[in-house]
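# Understanding the architecture of this molecule
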Amino acid sequence: MRTAVGLVEVTSVDRVAVSSLSAADARRAGAASLAALRLGLDALHPERPVYRIGLRYAGADPRHALRESLPDAAEIDAIVAWLDRLDRASPAGPWTRATLLLIDELPATRAPDLARRMGYDTPAFKQNVRKLKERGLTESLDIGYRLSPRGAAVLDHEGHPRPASDRPAPEPGVPLPHLGAAATRALTSRGVVNLEQVAELSEAEVRALHGVGPYALRHLRAAMDSAGLAFRDDPGTAPQVTVTPAQRRST
């Protein structure tokens, strides 16, 4: 299965008696205790059987590498032919290029807002975008989407006008990891768009933002650890130095 963390393989599906569940089962299921797990199962559907499902991380989502790869001439011809088939098969008329161009024009924009611009309901719009994502042409963000390098190559090949050259350069730094829409919105509304800016805040300040919960904090800390960063108030953290764009250019 493709998930936010990559490919996950289901290794086993075993029917088990509730009485045989252990504290280890409860921990692995994310329950606070064995009693809490049993109570939760009883509260849902006590008459239904219970299954233990084994999972294994099976690697990165192959679409991540696909969307970064630039297609050669033969691949572009195949993608263009596939897009044409989707357009011909659509009862609502051609939509593929308009959707790619809209995502290119309005990255990180809520799907309902994009759907409204296209004249679609949100579920139908998302279904269309998922088809484009399967071919590596778009990338899902916590809020909205963005055009991938592969998708940009297709639009450029067909000569579609694109606004990319008029956009300001993206903020330098390590981008935020996937945190969920609410947490991402809470940070970006404060102007925090990368991990270096998160490191200028204390953990308490980030936790106090509406929409930032334990899941987002855990993923933020893991990403910051990988980048050699830390919250401002972490023990042993050196004082943060703010570098202006002019200082960056001079170095």
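Preceding block: the structure.
Residues numbered from 1 in each chain as written. Predicted model: local features only at pLDDT ≥ 70, side-chain atom pairs only at ≥ 80, totals over all residues. Heavy atoms only, no water.

## Focus: the overall build of the protein
- Across its full length, the protein carries 13 helices and five strands.
- Whereas a compact globule of 251 residues would reach a radius of gyration of roughly 18 Å, the protein reaches 23 Å, over 25% beyond that.
- C-alpha extents for the protein along the principal axes are approximately 65 × 55 × 35 Å.
- Look at the contacts in the protein between residues 6 or more apart in sequence, and 61% of them connect residues 24 or more apart.
- If you average the places of the 33 positive and of the 30 negative side-chain charges in the protein, the two averages end up 4 Å apart. (Helix = DSSP H or I, 4+ residues; strand = E, 2+ residues; numbered from the N terminus. Rg over C-alpha atoms; globule rule 2.2 N^0.38 Å. Contact = heavy atoms within 4.5 Å. Lys, Arg positive; Asp, Glu negative; His and termini not counted. Charge placed at Lys NZ, Arg CZ, Asp CG, Glu CD.)

## Concerning the pattern of salt bridges
- Scanning all chains against the criterion turns up 19 salt bridges.
- Linking Glu 134 and Arg 63 is a salt bridge whose minimum nitrogen-to-oxygen distance equals 3.2 Å. Within this pair, whereas Glu 134 is found in helix H7 (residues 122-134), its partner Arg 63 is found in helix H3 (residues 62-68), the two being separated by 71 residues in sequence.
- On the basis of relative accessible area, Glu 134 is assigned to the partly exposed category, the value being 38%.
- Among the salt bridges present, the one from Arg 97 reaches Asp 87, with a minimum N-O distance of 3.2 Å. Highlighted residues: Arg 97 in helix H5 (residues 96-105) and Asp 87 in helix H4 (residues 73-89), separated in sequence by ten residues. Considered together, Arg 97 and Asp 87 belong to a single accessibility category, that of buried residues.
- Counted as one network, the salt bridges with shared partners bring together Arg 2, Asp 61, Arg 63 and Glu 134. (Salt bridge = Lys/Arg side-chain N within 4 Å of Asp/Glu carboxyl O. Buried < 20%, exposed > 50% of the residue type's maximum accessible area, 1.4 Å probe, protein only.)

## Considering the nonpolar core
- Of all hydrophobic cores here, the largest spans 19 residues; its most connected members are Leu 187, Val 198, Val 206, Val 212 and Leu 220.
- Elements that contribute at least two residues to this core include exactly helix H9 (181-188), helix H10 (195-198) and helix H12 (214-226).
- Per element, the largest residue contribution to this core is five residues, and it comes from H12.
- Apart from residues no more than four positions distant in its own chain, Val 198 is found in contact with Leu 176, Val 192, Val 206, Leu 220, Met 224 and Phe 231. (Core = buried A, V, L, I, M, F, W, Y, C linked by side-chain atoms within 4.5 Å.)

## A short note on the packing of aromatic side chains
- A complete count under the given rule lists one aromatic pair for this structure.
- Positioned over the ring face of Trp 82 is Arg 135, at 4.3 Å from the centre of the ring. (Phe/Tyr/Trp six-rings, centres within 6.5 Å; stacked < 30°, edge-to-face > 60°. Lys NZ or Arg CZ within 6 Å of the ring centre and 35° of its normal.)

## Some words on the sheet that holds strand S3 (residues 50-59)
- Here three strands make up an open sheet; going across it, the order is S1-S2-S3 and the pairing antiparallel. In this open sheet, the two edge strands, each paired with only one partner strand, are strand S1 (2-3) and S3.
- Where S1 lies against strand S2 (residues 6-16), two bridges are found, and the strand directions are antiparallel. Paired with Thr 3 across the strands is Gly 6, a residue of S2. (Pairing = 2+ DSSP bridges.)

## What about the side chain of Thr 138?
- Residue placement: Thr 138 occurs in strand S4 (residues 138-140).
- Overall, the relative accessible area of 1% leaves Thr 138 in the buried class.
- If we skip the residues at most four places from it in the chain, Thr 138 touches Arg 67, Leu 100, Ile 103, Val 129, Leu 132, Lys 133, Arg 146 and Ser 148.

## Re unusual backbone geometry
- The phi dihedral of Ala 108 falls on the positive side, at around 55°, and the residue is not glycine.
- Residue placement: Ala 108 occurs in the loop between H5 and helix H6 (111-118).
- With a relative accessible area of 45%, Ala 108 lands in the partly exposed category.

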